[in-house]
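Structural characterization, general
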Amino acid sequence: MMLTKKITVLYRGSLKSCNYHCGYCPFSKRKGSLRELDRDKDQWFRFVESVLKGNALEAEGEDSRPLTGAVMVVPYGEALIHSWYWQGLGRLGAGSALDFVGAQTNLSFSVEQSAEEYKRAGGLTGKLRLWATFHPDMVSVDEFVRQCRRVRDSGISMCAGTVGVPENLKIIRCLRQRLPSDIYLWINKMDGLGRPYTKEEIREFEAIDPFFIRELAAAEPDIRQCRDRLFVEAAGTVRRCNISPVLRGNWYGRPEDQDYWTQSWCGRKRCSCYLAYGGRQDPVSQVFFGSYPVFRIPRTVKGAFLDIEGTLIPEGEKEIPRFTRTGLELAASMGVKLFFATTLPVREARRRCQKVWSLFVGGVFAGGAHVAYWEKGGQEKESREIFSPLDRQWIPVLREEARRRKARVLVYESQGIVYKVTLTRPVRRPWKEEEFQELRQSHGEDQVRFWREGNCLQAAAFKATKANGVRTLCCLANIPVEETAAAGDSKEDQEMMKMCGYWQK
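The structure reproduced in this document is the subject of the present report. In this text the structure is predicted, and so the values were computed from the model without any measurement.

What follows deals with unusual backbone geometry. Most peptide bonds take the trans configuration, and most residues that are not glycine carry a negative phi. The phi angle at Leu107 is positive, at roughly 70 degrees, despite the residue not being glycine. Structurally, Leu107 can be placed in the loop between strand E5 (98-105) and helix H4 (111-120). Residue class for Leu107 comes out buried when judged on its relative accessible area of 2%.

Pasting the structure below:
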């Protein structure tokens, strides 16, 4: 389920024309007819209206209201040379509930005139994101860099990139040198290379784009990471992403027919491009690229706090997927201090995350009741530990509750300090909301904090939360909280994620 009810929607209209004539592209220098362009414009404005009115949320049975999240235009050909796209983006980036709007582009337009068109439509500059692709056969490095500077100087956030053609390494290195250092230059793998990249080529591209290794990693599809995104085509056809099969229902269909929200299949063997794997709620992508990784605009992160169950380890799985492990290795190699943020006790966390344990330098365990920091990855013997004591008077109270509700009691204790108590039942008997609320109302939460996780009801000291644990670890590691990121999938994680800058700014 979506953590925040915010979704990312990629839109691709019927436009199939471009002002560039790249030899590999089927839309190269194809000029659309007036009829085709008018149709594309009408379809785009229809989509804009649907977002502002909230068609998508009606599918979940809620009252009609504007869609919240982000919209990105990913056209065939070049869309931003047409004024109507700027007008539509401006409307979406105005008073709507969207956090961000943006588009893929080759930057072959007047930045000043287009930005003014966007503003006239009401668009807020801070909401606009551009993904710009450099085409070395069509534009010089100097001209592309000048355009990027114009975009940046206008206050628009952007990234730039190009296809990783080995023969173009020299010119790509030149582009990286001339671009402002605060504009990220990404490298897409070359699909038509016909051979694997050599080790030297990989090193060269990684020196330009440290995330290039993720382009080469095989990301296995995981629909659980895709439930808060959709790919909408001109006529309302819906997919999960640009390469996934068509889903049942239509973006413009009747609410009762829009069942694509509940469909949990993909049909692909791997996520073979950035729009596919970058649009997932992958924890590493969230750390580096914020809540909307699809815009491909990274942020500077010194520390990362990661939930285990449901985040590092997907629901129903036994270990961390290889693609996630590759990302964690990359983060550690880039100097990011990795921390766990979990309700699991440290021993269970280590058992579950054995393959990546050495990459981490501490964590918030037991829901915040136990904080550990060790300078050398995974070396608990050299750790600094802080426990939040739970008054022992609660143990008999909770034992009585367990007896009444036919649960087993687990008491977690270290160095003579009780820091968490768990009331656990068989998986087939999860704790119901009414039981949870009854227990909270009976005992209050001025001294003890209760939370539930499936068949486990947890109790810890009132101030023992993941967010407070993060604050403590940031002090121990000398990292400003605002320079950290966090990823999780439950209400227990929300305060921590917002505090750490989960929402991309």
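Once you've had a look at it, read on.
A few words now on the packing of aromatic side chains. Considering all chains together, one arrives at 31 aromatic pairs under this definition. Chaining the aromatic ring pairs together yields one cluster made of Trp131, Tyr184, Trp186, Phe211, Tyr274, Tyr277, Phe288, Phe289 and Phe323. Stacked on the ring of Tyr252, the Lys or Arg Arg46 has its end atom at 3.7 Å from the ring centre. We note Arg296 situated over the ring of Tyr274; from NZ or CZ to the ring centre the distance is 4.0 Å.

Let us look at the side chain of Asp282. As for its placement among the helices and strands, Asp282 is situated in the loop between helix H9 (274-277) and helix H10 (283-289). Every residue in contact with Asp282, bar those within four places of it in the chain, is listed here: Arg214, Gln225, Phe323 and Thr324.

So, on to the nonpolar core. In globular proteins that are soluble, nonpolar side chains generally tend to be buried together. Judged by nonpolar contacts, the single largest core of 65 residues is most densely connected at Trp44, Phe47 and Trp251. Judged by nonpolar contacts, the second largest core, of 53 residues, contains Val74, Leu312, Cys353 and Ala485.

One pass over the full model with this rule turns up 31 salt bridges. Here Arg152 makes a salt bridge to Asp153, at a shortest N to O gap of 3.4 Å. Under the relative-accessibility criterion, Arg152 is labelled partly exposed at 29%. Accessibility expressed as a relative area gives 59% for Asp153, which makes it exposed. Its salt-bridge partner being Glu201, residue Arg195 comes within 2.9 Å of it at the nearest N-O pair. Judged by relative accessible area, Arg195 falls into the partly exposed class, the value being 37%. Taken together, the shared-partner salt bridges in this structure form one network comprising Glu401, Arg404, Arg405 and Glu438.

As enumerated under the stated definition, the model contains zero disulfides in all. No disulfide involves Cys273; its sulfur sits 6.6 Å from the nearest other cysteine sulfur, which is in Cys241. Considering cysteine sulfurs only, Cys353 is the nearest to Cys456, which forms no disulfide, with 17 Å between them.

Glancing now at helix H7 (residues 199-208). Within the span of H7, buried status applies to Glu201, Phe205 and Ile208. The arc enclosing the buried residues of H7, seen along the axis, measures out at 50 degrees, which places them on a common side. Those residues of H7 that are exposed and angled more than 90 degrees off the buried face are Lys199 and Ala207. Buried residues belonging to H7 abut helix H6 (169-178), strand E8 (185-188) and helix H8 (212-216).

Glancing now at the packing of helix H1 (residues 34-53) against helix H3 (residues 83-92). Across the interface, H1 lies against H3 with an axial gap of 10 Å and an inter-helix angle of 0 degrees. The angle between H1 and H3 falls in the class roughly parallel. Contact residues: Leu37, Asp40, Lys41, Trp44, Phe45, Val48, Glu49, Val51 and Leu52 in H1; Trp84, Tyr85, Gln87, Gly88, Leu89, Arg91 and Leu92 in H3. In terms of residue class, the contact of H1 with H3 is built from 10 nonpolar, two polar and four charged.

What counts and what doesn't
- Residues numbered from 1 in each chain as written.
- Predicted model: local features only at pLDDT ≥ 70, side-chain atom pairs only at ≥ 80, totals over all residues.
- Heavy atoms only, no water.
- Helix = DSSP H or I, 4+ residues; strand = E, 2+ residues; numbered from the N terminus.
- Buried < 20%, exposed > 50% of the residue type's maximum accessible area, 1.4 Å probe, protein only.
- Phe/Tyr/Trp six-rings, centres within 6.5 Å; stacked < 30°, edge-to-face > 60°.
- Lys NZ or Arg CZ within 6 Å of the ring centre and 35° of its normal.
- Contact = heavy atoms within 4.5 Å.
- Core = buried A, V, L, I, M, F, W, Y, C linked by side-chain atoms within 4.5 Å.
- Salt bridge = Lys/Arg side-chain N within 4 Å of Asp/Glu carboxyl O.
- Disulfide = S-S within 2.5 Å.
- Arc of directions from axis to C-beta.
- Axes fitted to C-alpha atoms, helices over the stretch in contact; angles between N-to-C directions.
- Parallel < 35°, antiparallel > 145°, perpendicular 65-115°, else oblique.
- Nonpolar A, V, L, I, M, F, W, Y, C, P; charged D, E, K, R; others polar.

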